[in-house]
Amino acid sequence: MQKEIDMLDVQKIRKDFPILNRQVNGKPLVYFDNAATSQTPKVVIDAIVDYYSNYNANIHRGVHTLSQEATDAYEIARNKVQQHFNAMHSYEIILTSGTTHSINIVATGFTNLLSEGDEIIVSALEHHSNIVPWQMLCERTGAILKVIPMNEEGELLMDVYDQLLSDKTKLVFTNHISNALGTINPIEEIITKAHKVGAAVLIDGAQSCPHIKPDVQALDVDFYVASAHKLCGPTGVGMLYGKEEWLNKLPPYQGGGEMIEQVTFEKTTYAGLPHKFEAGTPNICGGIAFGAALDYMNSIGFDNIAQYENELLAYGTQKLLEIEGLRIYGTSKNKTSVISFNLEGIHPYDVGTIVDKLGIAVRTGHHCAQPIMDFYKIPGTIRASFSFYNTKEEIDALVEAVKKAKMMLS
Ligand SMILES: *Cc1c(COP(=O)(O)O)cnc(C)c1O
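Residues numbered from 1 in each chain as written. Predicted model: local features only at pLDDT ≥ 70, side-chain atom pairs only at ≥ 80, totals over all residues. Heavy atoms only, no water.

(A) Representation of the sheet that holds strand β14 (residues 338-343). Pairing within the open sheet is antiparallel, and its four strands lie in the order β13-β14-β17-β16. The sheet is open, and its two borders are formed by β13 (326-329) and β16 (363-365), each paired with just one other strand. Going from strand to strand, the sheet's axes swing by 30° on average, the running direction of each strand aside. Sheet topology note: the β16/strand β17 (residues 381-385) ladder contains three bridges and is antiparallel. (Pairing = 2+ DSSP bridges. Helix = DSSP H or I, 4+ residues; strand = E, 2+ residues; numbered from the N terminus. Axes fitted to C-alpha atoms, helices over the stretch in contact; angles between N-to-C directions.)

Next up, the structure:
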């Protein structure tokens, strides 16, 4: 067991992250809010500094050297995203401002493709950003939103999914991994069954991409979306993968520069993929840094990451459960390194505040997933989410801090 951990040299990895040296309230920072945003390695920070220091320019427009260098770097980054997700074509990768933006492009794009009475299916485990844009789509079109329910363990009830599917189903959308509970959803089965009734599928990969390397062709998924800031990249940039035929079918989301072929006051024709969905000056630096982040994660290796994080999950689960009155929400066998928990009779916010005084960053609240909290009839949870740069010693510090909070609050 010790040997497996050695495959990923966590002490060496920690040196890549400048922020992990800092103190919070006089204690070494323990960063366990990775499901909200990940920390940034020096290579990614360097890519950002390099861009603004050496070749900051607008892309796709200028003939001058800086503009060409910036354009090349941006398009290389797109190719890195394409390779990482194994998309067939680089123009099937739209660079967006993040998962939320990507979902809105698709949800808005379906407005003219749905009719009253059509059905679209969501899972009970969703982040608000994979619920609200679809509710807005239903308001515009008269389509009906159906929900795949979940059980106490935080797993989807797949037999109910079977019953929900019909020839009325036009779209199915679910996350790959739940940000609130860590459940890994059976997306292969969800996709195959949706396709049998002719429905398209969007997978929200915001929470899976930090842990898993998805293969969009093997999955045969229609749309896959993610944010760079959850996988060691900067905020404000993300991706939308769409199968070429779907991206051609959807209208542009925004009008503006970059997304046109020709503009007159009588009529405008749109540019081809991917530019049709990339109106205006994009987050050029962010896109380039996104590519650097993927390089960094791949240099560590997703198999190593998953194996190490699973050990942290097992260790953290066992240690936390030794605290009397502590309940973990989301107990699927198929889950990633997220532990959502509460102390009996104590508000999660109070625990989070005390734990922060001890230098430990956890998330408290509903985690943008209020329906899950309603299911458990709780206001929220304390969520500790582990990354490959965390250690067992940090988990020990969390356990001690939670014990202390419990003593002070009960
Ligand atoms: C974080 C997250 C989102 C939203 O991502 P943004 O970067 O805020 O757009 C959506 N879905 C899941 C599962 C997430 O974890």
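(B) Spatial organisation of empty space enclosed by the protein. All told, the structure shown has one cavity of 30 Å³ or more when counted by the stated rule. By volume, the largest cavity is sized at about 90 Å³. If you go around the largest cavity, you meet 16 residues; those closest to its centre are Asn34, Pro210, His211, Lys230 and Ser387. For the lining of the largest cavity, the residue count by class is eight nonpolar, six polar and two charged. No fewer than three residues from each of domain 1 (2-31 + 302-409) and domain 2 (46-298) sit in the lining of the largest cavity. (1 Å grid on protein atoms, 1.4 Å probe; cavity = no way out; pocket = protein on both sides within 12 Å on 5 of 7 lines; lining within 4 Å. Points joined across faces, edges and corners; volume = space filled by probe spheres on them. Nonpolar A, V, L, I, M, F, W, Y, C, P; charged D, E, K, R; others polar. Domains from an automatic or database assignment.)

(C) The arrangement of the environment of Ile190 in detail. Summarising the element assignment, Ile190 is placed in helix α8 (residues 187-196). Note: C-alpha distance between Ile190 and Thr174 (16 residues apart in sequence) is 8.7 Å. Once you skip the residues sitting within four places of it in the chain, Ile190 turns out to touch Leu156, Met158, Tyr161, Val172 and Thr174. (Contact = heavy atoms within 4.5 Å.)

(D) Local environment of the layout of surface pockets. Its volume calculated, the largest pocket comes out at about 340 Å³. A total of three residues in the lining of the largest pocket trace back to one element, the largest contributor, which is helix α5 (residues 99-109). Of the residues in the lining of the largest pocket, the class split is five nonpolar, 15 polar and four charged.

(E) Main features of the pattern of salt bridges. In total, this model carries 14 salt bridges according to the counting rule given. Notably, a salt bridge pairs Asp33 with Arg363, separated by 3.2 Å at the nearest N-O pair. In this pair, Asp33 is assigned in the loop between β3 (30-31) and α3 (42-54) and Arg363 in strand β16, connecting sequence segments 330 residues apart. (Salt bridge = Lys/Arg side-chain N within 4 Å of Asp/Glu carboxyl O.)

(F) Examining helix α6 (residues 132-141) more closely. Taken together, the buried positions of α6 are occupied by Pro133, Trp134, Leu137, Cys138 and Thr141. Down the axis, α6 shows its buried residues gathered within 145° of arc, on one side only. Along its buried surface, α6 packs onto α5, β5 (119-123), β6 (144-148), β7 (169-175) and β8 (200-204). A positive backbone phi angle near 80° is found at Gly142, which sits one or two residues after α6. (Buried < 20%, exposed > 50% of the residue type's maximum accessible area, 1.4 Å probe, protein only. Arc of directions from axis to C-beta.)

(G) Representation of the site of the ligand within the structure. Near the ligand the following residues occur: Thr99, Thr100, His127, Ser129, Asn179, Asp204, Ala206, Gln207, Ser227, His229 and Lys230. Separating a nitrogen atom of the ligand from a side-chain N or O atom of Asp204 is a distance of 2.5 Å. Between the ligand and His229 there is a distance of 2.8 Å, counted from an oxygen atom to a side-chain nitrogen or oxygen. When isolated, the ligand has an accessible area of 380 Å², and the protein chains bury 86% of it. In this structure the site holding the ligand corresponds to the largest pocket. (Near = heavy atom within 4 Å. Polar contact = N/O pair within 3.5 Å; in protein donor to acceptor, adjacent residues only side chain to side chain. Areas by Shrake-Rupley, 256 points an atom, 1.4 Å probe, with all protein chains shown as cover. Sits in = over half its atoms within 2 Å of the grid points.)

(H) A look at α3. Look at α3: 17 Å from first C-alpha to last across 13 residues, which is about the 18 Å you get at 1.5 Å a residue. Where α3 is buried, its residues touch α4 (65-85) and α11 (284-300). (Expected span 1.5 Å × (residues − 1).)

(I) Focus on the sheet that holds strand β10 (residues 238-242). Reading across from one edge, β4-β10-β9-β8-β7-β5-β6 is the order of the seven strands in this open sheet, with mixed pairing throughout. Looking at strand neighbours, the two that pair on one side only are β4 (93-96) and β6, the edges of this open sheet. Mean inter-strand twist for the sheet, computed between neighbouring axes without regard to direction, equals 20°. Relative to β10, β4 is paired through four bridges, and the arrangement is antiparallel. Each bridged residue has a counterpart across the sheet, and for Leu95 the counterpart in β10 is Met239. α4 contacts β4, β9 (223-227) and β10 of the sheet and is inclined by roughly 120° relative to β4.

(J) Here's a closer look at the packing of helix α12 (residues 302-321) against helix α15 (residues 392-409). It is at 10 Å that the axes of α12 and α15 come closest, and there the two elements cross at 25°. Taken together, α12 and α15 sit at an angle that is classed as roughly parallel. The handedness of the crossing between α12 and α15 comes out as right-handed. Two secondary-structure elements touch here, α12 through Glu311, Leu312, Tyr315, Gly316, Lys319 and Leu320 and α15 through Lys392, Ile395, Asp396, Leu398, Val399 and Val402. (Parallel < 35°, antiparallel > 145°, perpendicular 65-115°, else oblique. Left-handed = near helix turned anticlockwise from the far one by under 90°.)

(K) Region of interest: the packing of α4 against α11. Running from N to C, α4 and α11 point in directions that differ by 40°, and their axes come no closer than 8 Å. Taken together, the axes of α4 and α11 lie oblique to each other. As α4 packs across α11, the resulting crossing turns out to be left-handed. Of the residues in α11, those touching α4 at Ala70, Ala73, Tyr74, Ala77, Lys80, Val81 and His84 are Ile284, Gly287, Ile288, Phe290, Gly291, Leu294, Asp295 and Asn298. Among the residues making up the contact of α4 with α11, the classes are represented as nine nonpolar, four polar and two charged.

(L) Main features of the domain arrangement of the chain. By the assigned domains, the chain splits into domain 1 (2-31 + 302-409) and domain 2 (46-298). Using only C-alpha atoms to locate each centre, domain 1 and domain 2 end up separated by 29 Å. Taken together, both faces of the contact between domain 1 and domain 2 bury some 2400 Å²; the carbon and sulfur share is 60%. At the junction of domain 1 and domain 2, the tally comes to one salt bridge. Put simply, Arg327 and Glu152 hold a salt bridge, and the shortest N to O gap is 3.1 Å. Linking domain 1 to domain 2 there are 15 residue pairs in polar contact (both at pLDDT 80 or more). Elements that contribute at least two residues to the side of domain 1 that touches domain 2 include exactly α12, β13, β14 and α14 (370-376). Ranked by the residues each element gives to the side of domain 1 that touches domain 2, the list is headed by α14, at six residues. (Buried area = accessible area lost by both parts, 1.4 Å probe.)

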